[in-house]
Amino acid sequence: MFRFFTFLFRLFALPFILLLNTRCAQIMPLSGGERDLSPPQIVRQYPENNALNFKGAWLEIEFDENIQLKNFQEQLIVTPRLSFVPLVAINGKVLRIKLTDSLIPNRTYIFSLGNSVADVHEGNILSDLRITFSTGNSLDSASLSGKIVDALTQKPVSDSRVFLYENGNDSCFYKDKPDYYSKSDKEGKYIISSVHPGKYKVVAIGDRNKNFLYDKSEETIDMVFTSENNLVSITDSMILDFAVYREIPSRVFVKRVISSSPGKSVVILNRGRSKPGVNVISGENGYVGHWFTEGRDTLNLFYNQTLPDSTKWLIFESDESNWNKKQLIDTFRVITPKIVSENKKSVPKIQIDAEKDELTFTFSTWIKEIKSNKVFFIAEKDTIVLNTEMIDNRHIKVINKKDVLQDGKFIFTPGFIRNHVNETNDTIVLPFQPTNASSTAQLTIYVKYNSLKNKGILELVNEKEDVIRKKIFLKQNEKEEIIWEGLPQGNYHLRLIEDNDGNEAWTTGDIQSKRKPEKVLHYEKSISLLNSWESTVSWEIPE
């Protein structure tokens, strides 16, 4: 009998007890402790920092955890600059840099790895990692530091490079790599440490393609000019600031031709010209017209659809007093899309200019004719038919401007304009808000400049560095009053350009002629303008 009850207990009760024990002993995930926020730490380094008489063939750093590299080649800066590319390898916790060639004797080297080393699991970065050692009996202690700004805006320039060329000639930065270099941070600051005492050519270059050379047409530059072959003697700690600028290319050429609509091409030059023109070398009967942009570096060219794609064009610079004297700039050909639609509808871009006494529309196409009863102004309760007339092949004037004195929108109905290839416009809707004293601001400026050599150019600039207003004056030792009305609400700043060459524009520098850019002075305070407010600024500039 006892054996029978034992058998039942093993059959039914024991599995039930085991099931309860299993449910009570649930497996819980491990918390893993607190998250690791610490970067890798150096356990061993070869050579040690500030080591002397280094003769090794590699550098090695061991960390307390496994590491990874992030943007290593971009962040690695070695001074003096290496004539070879070092080989880099990671083995768990160890970083090794193999030197594939010999180093310069009696020089202090700095291998700056920046923020390229991080741990594997959390990505914690070890900041400003560097190895410093000397191949001689002592460490070089001279240094060069300073700040890089834009010559016109005076704003800090980041990621610009300062190059040092030991006993460099005047063309070294075009063809030779520098001996020492550094790049500026977000505040425009740079520093080159442990420089070997000597005389150097010192140049700041916006090295966009990172080839350690100056590419004139694409990059900014500033250079220290001295009486000793433009060499700077660096024997101790020295501070040099730079104001970089883009030189004007000596040669003008066509960079690109864009033909996106029938009968029109946009021709982009590498820089503007003072008095540009355009002519047809072949197929002259197909030419319709052209205009250049305000900077005179972009040509809008219009021609008939019958003009073959093989037509050759030329851009020239002419003397307005004698149009027969032409200086060839460049030649080009265009391939234009053909009109395939029977409807021949287009939507040209339109710009509204209502700040002057007239209300005008500026079109992006070449206008052949208009129908003046096809433009309407719709306000809250009124619909007004606008009377319009052509000023030229680009601009159209509204005759009854006095009827457009409130918020509304312009409706250009189909067929309002016909262009040179007989395209007509589709429906165009443009919102409009007239400027008045309550929706704009006024700024009165009293400026006195005591040492003006020639003309002065006072510019009001917005936060995007767009010039909103400009005033040119010749007076000095007198207070000039300038009143600007109809200004949009926003933040602005003032700058004064010393227009020494009298061309009524800021003139950049030129390295070959050792000419610095024209001096630009900035009013120290920001100017905040509010709608319907009148603000006053007094700016007396000492000698």
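Thresholds, definitions, all that
- Residue numbers run consecutively from 1 along every chain, following the written order of its sequence.
- Whole-chain, interface and lining totals are the exception, using all residues; otherwise, since this is a predicted model, local features are given only for residues with pLDDT of at least 70 and side-chain atom pairs are given and counted only at 80 or more.
- Side-chain metrics in this entry use all non-hydrogen atoms of the structure; hydrogen atoms and water are not considered.
- Secondary structure elements follow DSSP: runs of H or I no shorter than four residues count as helices, runs of E no shorter than two count as strands, and numbering proceeds from the N terminus.
- Per-residue accessibility, obtained with a 1.4 Å probe over protein chains only, is compared with the maximum for each type, and a residue is labelled buried under 20%, exposed over 50%, and partly exposed between these values.
- Pairs of residues are marked as contacts when any of their non-hydrogen atoms sit within 4.5 Å.
- The accessible surface values rely on the Shrake-Rupley method and a 1.4 Å probe; as for residues, cover is taken only from the protein chains in view.
- Note: pLDDT gives the predictor's confidence per residue, expressed from 0 to 100.
- Two strands form a pair only when DSSP identifies at least two bridges running between them.
- With axes taken as lines fitted to C-alpha atoms, and helix axes fitted only over the stretch in contact, angles between N-to-C directions fall between 0 and 180 degrees.
- In protein, a polar contact means a hydrogen-donor-capable atom and an acceptor-capable atom, both N or O and within 3.5 Å, with residues adjacent in sequence counting only if both atoms are side-chain atoms; elsewhere, any N or O pair within 3.5 Å suffices.
- When a carboxyl oxygen of Asp or Glu is within 4 Å of a side-chain nitrogen of Lys or Arg, the pair counts as a salt bridge.

## Quick word on the overall build of the chain
Helix and strand counts for the chain stand at three helices and 46 strands. Burial status across the chain gives 42% buried among its 543 residues. Here the contacts in the chain between residues at least 6 apart in sequence split such that 65% fall between residues at least 24 apart. Summed over its atoms, the accessible surface of the chain is roughly 30,700 Å², and 49% of this surface lies on carbon and sulfur atoms.

## Structural notes on the confidence of the model for the chain
On average, residues of the chain carry a pLDDT of 84, and 85% of them reach 70 or more. Mean pLDDT across the elements of the chain bottoms out in helix α1 (residues 2–24) (50) and peaks in strand β11 (residues 142–150) (97). Contacts of residues 22–26 to residues separated by more than four positions or lying in other chains number zero contacts, the stretch itself having pLDDT below 50.

## Digging into the pairing of strand β19 (residues 242–246)
Bridging between β11 and β19 involves three bridges; their strand directions are parallel. Note on β19: the bridge partner recorded for Val149 is Ala243. Pairing geometry for strand β16 (residues 220–223) and β19, over two bridges, is antiparallel. Residue pairing across strands places Ile221 opposite Tyr245, the latter belonging to β19.

## Quick notes on the sheet that holds strand β38 (residues 428–432)
With respect to topology, four strands assemble into an open sheet ordered β32-β31-β35-β38, the strand pairing being antiparallel. The open sheet has two edge strands, β32 (383–385) and β38, and neither has a second partner. Neighbour to neighbour, the strand axes of the sheet diverge by 20° on average, direction disregarded. With three bridges joining them, strand β31 (residues 375–378) and β32 adopt antiparallel strand pairing. The partner of Phe376 across the bridge, within β32, is Val385.

## Some points on the side chain of Thr365
Within the fold, Thr365 resides in the loop between β29 (359–363) and β30 (367–370). We classify Thr365 as buried; its relative accessible area is 10%. A polar atom in the side chain of Thr365 sits 3.3 Å from the side chain of Asn419. Setting aside chain neighbours within four positions, we find Thr365 in contact with Trp291, Phe302, Pro348, Asn393, Arg394, Ile417 and Asn419.

## Quick word on the pattern of salt bridges
Evaluated as defined, the whole model comprises 16 salt bridges. Of the charged contacts, one joins Arg130 and Asp128 as a salt bridge, the two residues approaching to 3.6 Å between their closest N and O atoms. When the shortest N-O distance is used, the salt bridge between Glu369 and Arg418 registers 3.4 Å. A residue pair is termed long-range when its members are at least 10 positions apart, and Glu369 in strand β30 and Arg418 in strand β36 (residues 417–419) qualify at 49 residues. Judged by its relative accessible area of 39%, Glu369 falls in the partly exposed class. Several salt bridges converge on common partners, so that one network encompasses Arg44, Glu60, Glu62 and Arg96.

## Brief notes about the sheet that holds strand β5 (residues 87–91)
Strand order across the open sheet formed by four strands is β1-β2-β6-β5, with antiparallel pairing between neighbours. Each having just a single partner strand, β1 (42–46) and β5 make up the two edges of the open sheet. On average, each strand axis in the sheet is inclined to that of its neighbour by 10°, with strand direction left out of account. Pairing of β5 with strand β6 (residues 94–98), which is carried by five bridges, proceeds in the antiparallel orientation. Residue pairing in the sheet places Asn91 in a bridge with Val94 of β6.

## Examining unusual backbone geometry
Of note, the amide linkage connecting Tyr46 to Pro47 takes the cis form, showing an omega dihedral of -10°. By the element assignment, Pro47 lies in the loop between β1 and β2 (58–63). Residue Pro80 is bonded to the preceding Thr79 through a cis peptide linkage, with omega at -10°. Tracing the backbone through its elements, the reader meets Pro80 in the loop between β4 (77–79) and β5. Although it is not a glycine, Asp128 sits at a positive phi angle of roughly 50°. Its place among the elements puts Asp128 in the loop between β9 (125–126) and β10 (129–134). Given the relative accessible area of 49%, Asp128 is considered partly exposed. We note that Gln154 has phi near 65°; this positive angle belongs to a residue other than glycine. Mapping Gln154 onto the fold places it in the loop between β11 and β12 (161–166). Judged by its relative accessible area of 36%, Gln154 falls in the partly exposed class.

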